[in-house]
Each structure stands twice: as structure tokens, then as C-alpha cells.
Amino acid sequence: MRPQRTLSWRSSAARWAVPALLGLVVAGSRGATPTHAPVIAAPGVANPAHIAAGGRPPPGPVVQNPYRGEPAIAHAGATLFVSMHCSDCHADAAAGAVGPNLGDGRWRYGASDAAVFRSIYYGRPRGMPAFGGLLGAQGVWVLVTYLRSLPPPPDLPTERFTQH
Amino acid sequence: MPAGDYAATRYSPLDQIDVANAPRLHPVWSFSTGVLGGHEGQPLVVGDTMYVVTPWPNVLYAFDLGRPGYPLKWKYRPNVSRAAIGAACCDVVNRGAVYADGKIIYNLLDGHTVAVDAATGHPVWETKIASVADGETVTMAPLVIGDRVIVGASGGEFGIYGWIKGLDLATGRVVWTGHNLGPDAGMLIKAGEFHPPYVSGTELGVRSWANGTWKHGGGPVWGWISYDPKRDLLYYGTGNAGPYDAEQRGGDNRWTSSVLARRPEDGTLVWAYQFTPHDSWDYDATGAMVLADLTIGGKPVPALVHFDKNGFAYTLDRSTGRVLVAKPFTHETWAKSIDLATGRPVENPAMQTGDTKGNVKGICPSLEGGVSPASPPAYSPQTHLFYTSTNNFCMDYKVHQIAYIKGTPYMGVSSPYTPGPGGNLGAFIAWDAATGRVVWKDKEPYPSWSGALVTAGDVAFYGTLDGWFKAVDARTGKLLYRFKVGSGVVGAPIAFRGPDGRQYVAIYAGIGGDWALLAGDTSSDDPTDLRAPNPLVKNLASRTSQGGMVWIFGL
């Protein structure tokens, strides 16, 4: 059963359907309710690419992905990526449309799980909606796990053209 | 005015540039706008000043055409929210400004209309007309009719409750808001004054949507407005219905994918006609409604001509909305014909889409349209022909059920494109709207996304996605002149007489619009966002990349 079918379009309130879906996705993929406690991120997570004045990066809370590397969660995240409309902005398989390509191994806001979490949880200024309120930390980590599982393409900085 | 006149003909009575001397055209000036988004729309020349609106962040430039090198008189930089970028379905475009009453009036992507003093560049008023949080952005070119400024919002991909508004020219105050769907009262339907040609009854905008789905049904206004002073009617097209899964919104879904005729003063809806009932292919009808007086079967007809995304060109009686001629102008597979008695398409059952239909293959045109509504046509009263860009590619279409989540797309579609027959992905054509036939056709290797211009010199102008500005003989289509303008053209050319008395033609270069999504590899400004080439237009990025330029050509 494709999880988006659990969203009843007759129900006007997506906000009820969404947590239900999330529970279903995570539970269904793992056969049980997750045991990891979700970790809430707070402002101050460092992006290692940022230049630190005086060479001192500001300390931030340690934020860890409770599902890191779990294939079943990544699989559930792929479904969530469609049902949360991520794919309508980032294209199928996150290849990039209105929002950037999320599978090219390159990140505007940093490559760490924490940075990707922040992008989804709090949103980003050029029109990336904040999904933390809708999905909670747990749901966002499911998505982070999916995005980080996309096979990193061989970095292809050169595009060659064959004319006909 | 964005289209040169109220009738939206994009015809210029200037004739200095003609078929004989057009091969001697050459660029006389160019200017980089400093902005990389898709440069749709057109410059606006008023007196000795040329005004240019850029894509987001919607800078307004005023060039002094009376001085050598056309230096800027001023530029106006509004503080437009960055958050609107993600809510714009198809790049952060703007389709141009309008002049009236000493003011330049245009829309900002983040849902505002601004009026700027045309002489000084100082803002006169600014009105919030749309809500980005609800998925509304504003890309259309406003039109001023009397003391009303007519504006609408994009957001057919975000589940908006589509509308058009009339603002007060002096103050910017919203005088009326007419929805394009939903209850009669919200649509500004008044008892005894609404006469759609093929249907009757009340609350059509509610009854044609299963389960109240009109509330997020789309029906945006992101194209062009035209106006007939004699009938005192303004005309505009509405966009697609949402979500893309048509089975989620049973019924005809009035009045999405339609043309609506209203009174400019108070917005009263006078008639409406739906091109694509129960839109199942994202066939917006936001393309221009061109008003022309034609002779059909020996009889003079006050016509309205519209090239629809669905691949048919319609010739309507603009007094009543009745269809007189409807014929395909490009390859299409979704309908056999349009039944003139009922006004309805005779649809191909194999091309119906929905979440129970699976992946439906070979639908032509694609959801990009047989022509993009962003590419307005032109009409010459001399040749009696219409000129338009066209596309020739198809799609597979697979939708899934989707829930409405405010602030995110309400789409749920996967729709890869495939080339249409004939080996060309686009063409620039001349069209006889009285009989519904192609008179000549200039094939283009890539989809043709530019607006058209035709002049009294019998020269038609357009640009190509791979960056050629072209002048062709309006009677034969023969290429007279071309020049590589640096980036693909998705804007529309204009002709004007300079302060020196000479005729010029101006056009934007700056690939974008849907091509910002479809050919993401034409972008190079973000090292963290690499896009694979689109198999449909594999080598496009070898011929063009992003970049906003204004060009002026002369003899």
C-alpha cells in the first residue's frame, strides 16, 4: 500500500493525516514504533564551512541523527519525501527543481546531518518551508536519513556535450 | 501597455524596418540587468524613457533614450521577500509593467503591486494583494483600465483560491476582488448579469467541484489582460485546477482553464467559457486573449483569439463567448475536436488521467503547453494573421492522491517529456484564425518560448531558447535577420520610435521560466546545485546559459 493513499483527500485537515502517516511510515518500515528518542536541534549548530573568527567556531549543542544509516528508515523517508510534497519542489529523487538538487553531494548550508536537519526543521530563507512544526524532530530525521542515503554520484563538475 | 494596446495585438504601426531592409538590422545597444532569473515579459517605452522590470528582486530600471548610450535616469529597488522564491512554481519571473497617470505600475513576486513615479522613480503607493504564506506569488503584467489597476496571482501549483482584483489607480486601494471559482458571490456574479454561452444555473463554481474542492482548486491569473472599450469588457484566462490528480476533484471545475469577461469598474462577471473542463493535464488558459475584428465566412466578427496550452487555437465571439473556430495549432492527442454546438472538447478516453489511471503515456501537448502562456502571440491587421511560438513535445503523466499542506505545492505528479513528431521541439507559426489553419511554420530545434511582435513593415520578430533573436517575413516566414543575444529568449520583443525618430526593436535575453527547472544545467551560479541535463533538450546548455540582458536593434 502506498502510504500517500492513507491521506484521505476528503478530510480537509491535512494536519491530522500527516502525523498519522508519519507514524505509519516509520512503524511500517521497522515493524515497530521507533525506540530512539528524537533529538531536538537548537540554534547554534555549526556549519563547518563557515569561517570562524579567530579560528574559534561557536559551540553549539551536539545534534545527532538517531537513525543514521538505517536503510529501513531511509526507505520510509523516500515515501515521506513524496507525501510531504518535497518532491514537488525538489523533483523526483531530489534531483532539483524549484529547490536545489539534494542528491548531488553538494550542500548550500553544510553537509552534516545537523545542517540538513536544520534546513528541513527551520526552513531556509529563499523559500524552503519550515517543516519542523508539521513533522516534529522525528519526522525530519527520517527525511535526513533518506537524503543522506542517496547514492553520492561521482562528483561530475564537467558536463560534456556531444553535438548532432 | 504590456502588449502595446488594449487588444493585446503586439502589433506596431511602425514601418521603417521592412522586409527589404531587415537584413541590415544590427544591435545598437545592450545592458545587463544584473539578474539571472528568466526574463519574461517586455520592456516598456514611454516618451523618451524605456522601463525594464527584472525577475525577482524586481528591480525597475528607467533608461534615458534621449542621451547617447541610453544611461539610467534612476533605478528602483523594492525590498522583495526572498521567501517568495520557493513559492514561485516556475522561476521568479515578471511579465512586465504598465504606464498610466504618470506612474509605472508593476507587481512584486512577494505579493505586492507598486506604483512608482515615472519621472522620478519615487514610490507612490504599494499594496499587498497576495499572500505568499498561502502559496500566492505575483508574476503577471497588470493592466490599467480607467481608474482600475487589474492584477492577479499565480499559485495553481499551491492550491490557491484563484482571483483577480481591481485596484484604485490613485491610491492602490483594493476596490474589488473577483474569484475565478467557488460561490457566485465571491465570483462577483450578479443576478441577471452573468451569461455564460453554453451553461446556465447558479453556483456553477461550487457545483462543478466534488466535496468543496474548489477551496483549494487553483485557477490562478498569471498571464495577460486585454480590454474592449466598446463593450467595456476585460478578458483574461485562468490557470489549471489543483491538485494534479483530477480524480480528487470530480466535476468540470469551473472556471479554471477558462476565459472570463468582466466589467473593469466593479469586476462584475459577464460571461465565461471553459477551454478544458475538468483539467487533467495542467492545461492553464492564462495565455493572451487577443481581440481582433475578423471576417469569418464573409461576416465581420468581433473576435477573441486564444492559443491554449491544450494545443487548440480558439476564435470566440468576444461579445458572447461562443466558439466560432477551434482547431489544433500543434500536435495534440487529448481531444479529437472541439464541438462547436456545446463548446466542449471531444476527448480521447485513453488520455484521461487520475490516480486510478496509472502512468498515462503519449499525452500531447505536454503540460508545458502547445504554447506557453508566457509566450504571447501577435496579430497583424495588414496580413490578417496571428504569429505565435509553439511547442512540440508530449508527456507521460502519473499522479497520486495528495493532501493539502499550506505553503507547499498541491501537485502530486510525475510527468517526463518526450519529443513530438517531426524532429523539431518547437516552431514559430503564422495562423489564420478565421479558418483555423497554419499558414507557414518556421521549425525550431528547441521549444519556442518567446513572445511575438509584428509590425507594419510586415516583419515578425521573436527569439529562441538557444539565444537567437530573429526577424522573419510576416507573409512567408522567411528568415531575414538573426543575432545571438547571449542567453535564451523567453521574453517578448517590442518596437518603438526613439527620440531620434527612428524605429527600434527591443528584446530581453535571459533563459528561465520553466526552463530554470527543465534545463537546470543552463545555470552556473551555485556550486552546490548541479543539475543533470534534461534528455529532452540535451544540448541546450551547450548553446546558452543564464544571464539577463536588454537588447536594442536598429537599422
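Nothing here was measured: the structure is a model prediction, and the numbers come from that model.

About the criteria used
- Residues numbered from 1 in each chain as written.
- Chains lettered and ligands numbered in written order.
- Predicted model: local features only at pLDDT ≥ 70, side-chain atom pairs only at ≥ 80, totals over all residues.
- Heavy atoms only, no water.
- Helix = DSSP H or I, 4+ residues; strand = E, 2+ residues; numbered from the N terminus.
- Rg over C-alpha atoms; globule rule 2.2 N^0.38 Å.
- Buried < 20%, exposed > 50% of the residue type's maximum accessible area, 1.4 Å probe, protein only.
- Lys, Arg positive; Asp, Glu negative; His and termini not counted.
- Charge placed at Lys NZ, Arg CZ, Asp CG, Glu CD.
- Pairing = 2+ DSSP bridges.
- Contact = heavy atoms within 4.5 Å.
- Buried area = accessible area lost by both parts, 1.4 Å probe.
- Salt bridge = Lys/Arg side-chain N within 4 Å of Asp/Glu carboxyl O.
- Polar contact = N/O pair within 3.5 Å; in protein donor to acceptor, adjacent residues only side chain to side chain.
- Phe/Tyr/Trp six-rings, centres within 6.5 Å; stacked < 30°, edge-to-face > 60°.
- Lys NZ or Arg CZ within 6 Å of the ring centre and 35° of its normal.
- Core = buried A, V, L, I, M, F, W, Y, C linked by side-chain atoms within 4.5 Å.
- Disulfide = S-S within 2.5 Å.
- pLDDT = per-residue confidence, 0-100.

Scanning chain B from N- to C-terminus turns up three helices and 39 strands. Over its C-alpha trace chain B gives a radius of gyration of 21 Å, about what one expects of a compact globule, namely 24 Å for 555 residues. Along the first, second and third principal axes, the C-alpha atoms of chain B reach 60 × 60 × 55 Å. Counting every position in chain B, which comprises 555 residues, the buried fraction comes to 68%. With 46 positive and 50 negative side-chain charges, chain B shows a separation of 2 Å between the mean positions of the two kinds.

One face of the sheet, then the other: side chains in a regular strand alternate in exactly this way. All names here are of chain B. Buried residues dominate strand β16 (residues 233-237), accounting for five of its five residues. Every second residue of β16 is oriented toward a common face, with L233, Y235 and G237 on one face and L234 and Y236 on the other, all of them buried. Adjacent in sequence and paired antiparallel, strand β15 (residues 225-228) and β16 are bridged by four residues, among which D232 carries a positive phi angle near 50 degrees. As judged from the four bridges shared by β16 and strand β17 (residues 258-262), these two strands associate in the antiparallel manner. Across the sheet, the residue bridging to Y236 is L260, located in β17.

Counting residues at the interface gives 39 residues for chain A, matched by 39 residues for chain B. Surface buried jointly by chain A and chain B totals about 3,300 Å² across both partners, of which 53% is contributed by carbon and sulfur atoms. Residues B:D526 and A:R108 are paired through a salt bridge, measuring 2.8 Å at the closest nitrogen-oxygen approach. Across the contact surface, chain A and chain B share 16 residue pairs in polar contact (both at pLDDT 80 or more).

Once that is clear, we can look at the environment of A:P154. With respect to the secondary-structure elements, A:P154 resides in the segment after α5 (132-149). With 50 residues separating them along the chain, A:P154 and A:D104 place their C-alpha atoms 8.6 Å apart.

Next up on the list: the packing of aromatic side chains. All names here are of chain B. With the rule as written, the count across this model stands at 41 aromatic pairs over all chains. Consider the rings of W449 and W515, whose centres lie 5.5 Å apart with planes at 90 degrees: the pair is edge-to-face. Highlighted residues: W449 in the loop between β32 (437-444) and β33 (453-455) and W515 in helix α3 (residues 514-518), separated in sequence by 66 residues. Aromatic side chains Y481 and F553 sit 6.1 Å apart centroid to centroid with 70 degrees between the ring planes, which places their arrangement in the edge-to-face category. Here Y481, found in strand β36 (residues 479-484), pairs with F553, found in strand β39 (residues 549-554); they are 72 residues apart in sequence, far enough to count as distant. By relative accessible area, which is 10% here, Y481 ends up buried. The side chain of K165 reaches across the aromatic face of W163, ending 4.3 Å from its centre.

Take the nonpolar core next. Residues and elements named next belong to chain B. By size, the foremost hydrophobic cluster in this structure holds 48 residues, and its most contacted members are W271, Y273, Y314, L316 and W515. In terms of residue count, the dominant contributor to this core is strand β28 (residues 393-399) (four residues). Those residues in contact with W515 that lie beyond four places of it in its chain are F393, P447, W449, L465, G520, T522, V537 and L540. Formed by 35 residues, the second largest nonpolar core is a distinct cluster that contains A153, M187, L188 and L269.

Residue and element names in this part refer to chain B. As enumerated under the stated definition, the model contains 22 salt bridges over all chains in all. One salt bridge connects R318 with D228, and the closest N-O pair in it is separated by 2.8 Å. Residue R318 is located in the loop between β21 (312-317) and β22 (323-328), and its partner D228 is located in strand β15; the two are separated by 90 residues in the primary sequence. Considered together, R318 and D228 belong to a single accessibility category, that of buried residues. Taking the shortest distance from any N to any O, the salt bridge between K470 and E444 comes out at 2.8 Å. Highlighted residues: K470 in strand β35 (residues 468-473) and E444 in strand β32, separated in sequence by 26 residues. Sharing partners across several salt bridges, the network here consists of D228, R231, D293 and R318.

The final tally for this structure, using the stated rule, is two disulfides over all chains. Between the sulfur atoms of B:C89 and its disulfide mate B:C90 the distance is 2.0 Å. When the S-S torsion is -105 degrees, as for the bridge of B:C89 with B:C90, the disulfide is left-handed. Residue B:C89 is classed as partly exposed on the basis of its relative accessible area of 25%. Residue B:C364 pairs covalently with B:C394 via a disulfide, S to S 2.2 Å. Because the sign of the S-S torsion sets the handedness, a value of about 100 degrees for the bond joining B:C364 and B:C394 places this disulfide among the right-handed ones. Of this pair, B:C364 sits in the loop between β25 (360-363) and β26 (378-380) while B:C394 sits in strand β28, and the two are 30 residues apart along the sequence. Here the two residues B:C364 and B:C394 agree in accessibility, since each one is buried. If one numbers only the bonded cysteines of chain B, in the order they occur, the disulfide pattern is 1-2, 3-4. Free of any disulfide, A:C86 has its nearest neighbouring cysteine sulfur in A:C89, separated by 8.5 Å. The class for A:C89 is buried, based on a relative accessible area of 13%.

The next subject is the confidence of the model for chain B. Summing up the model confidence of chain B, the mean pLDDT is 98 and the portion of residues at 70 or higher is 100%. ipTM for the predicted complex: 0.94, alongside a pTM of 0.94.

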